[in-house]
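# Summary of structural features
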Amino acid sequence: MSVPITNTVYVLNGPNLNLLGMREPDIYGSETLDDIAGMLEDRGRELGLDIDLRQSNHEGHLVDWLHEAQAEGAKAVLLNAGAYTHTSIALLDAIRAIRTPVIEVHLSDPSTREEFRHLSYVGMAAIETVQGLGAQSYSVALDAAAKL
């Protein structure tokens, strides 16, 4: 039995994103995760979407939340997996295991950074990637999710 699709968009954030605003602002900007949450809630209201924003430094939490997004009928997931983007086959498998569309989000553009950041396991299964726009990457991804 399938779960009805809701207007909820999960916004999942991986390791070290709790330090946004303090962590390498020359790369990631000065906005905090709370700033991004406020911006997304405002934009979500305009689009008729509910935002469920979460952050964890633990890979298994992100996997569990991807499963939950499907179980709860989320419209989409915006996933900034942080460093797990480049290392986590578990996240790749979790994205492939669910029907809920996942949009990959990055504040910076990993393709212009260190070589090890050029591989994205998340991107192998995500329906779209938005990167390099700073905090606005989340808004652009939310707009894309609204059109699904």
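Residues numbered from 1 in each chain as written. Predicted model: local features only at pLDDT ≥ 70, side-chain atom pairs only at ≥ 80, totals over all residues. Heavy atoms only, no water.

### Quick word on the nonpolar core
Core analysis: the largest hydrophobic core is formed by 22 residues, its most contacted members being Val9, Leu78 and Tyr138. Among the secondary structure elements, those contributing two or more residues to this core are β1 (8-13), α2 (33-47), β3 (76-80), β4 (102-106) and α5 (136-146). When residues in this core are grouped by element, the largest group, five residues, is from α5. Excluding residues within four positions of it along the chain, Leu78 makes contact with Val9, Tyr10, Val11, Leu12, Ile103, Val105, Tyr138, Ala141, Leu142 and Ala145. With 18 residues, the next largest nonpolar core counts Leu12, Leu79, Leu91 and Val122 among its residues. (Core = buried A, V, L, I, M, F, W, Y, C linked by side-chain atoms within 4.5 Å. Buried < 20%, exposed > 50% of the residue type's maximum accessible area, 1.4 Å probe, protein only. Helix = DSSP H or I, 4+ residues; strand = E, 2+ residues; numbered from the N terminus. Contact = heavy atoms within 4.5 Å.)

### Brief notes about the layout of surface pockets
What the largest pocket holds in volume is close to 190 Å³. As for the largest pocket, its lining consists of 16 residues, of which Tyr28, Gly82, Ala83, Arg113 and Arg117 are closest to the centre. Of the residues in the lining of the largest pocket, the class split is six nonpolar, seven polar and three charged. (1 Å grid on protein atoms, 1.4 Å probe; cavity = no way out; pocket = protein on both sides within 12 Å on 5 of 7 lines; lining within 4 Å. Points joined across faces, edges and corners; volume = space filled by probe spheres on them. Nonpolar A, V, L, I, M, F, W, Y, C, P; charged D, E, K, R; others polar.)

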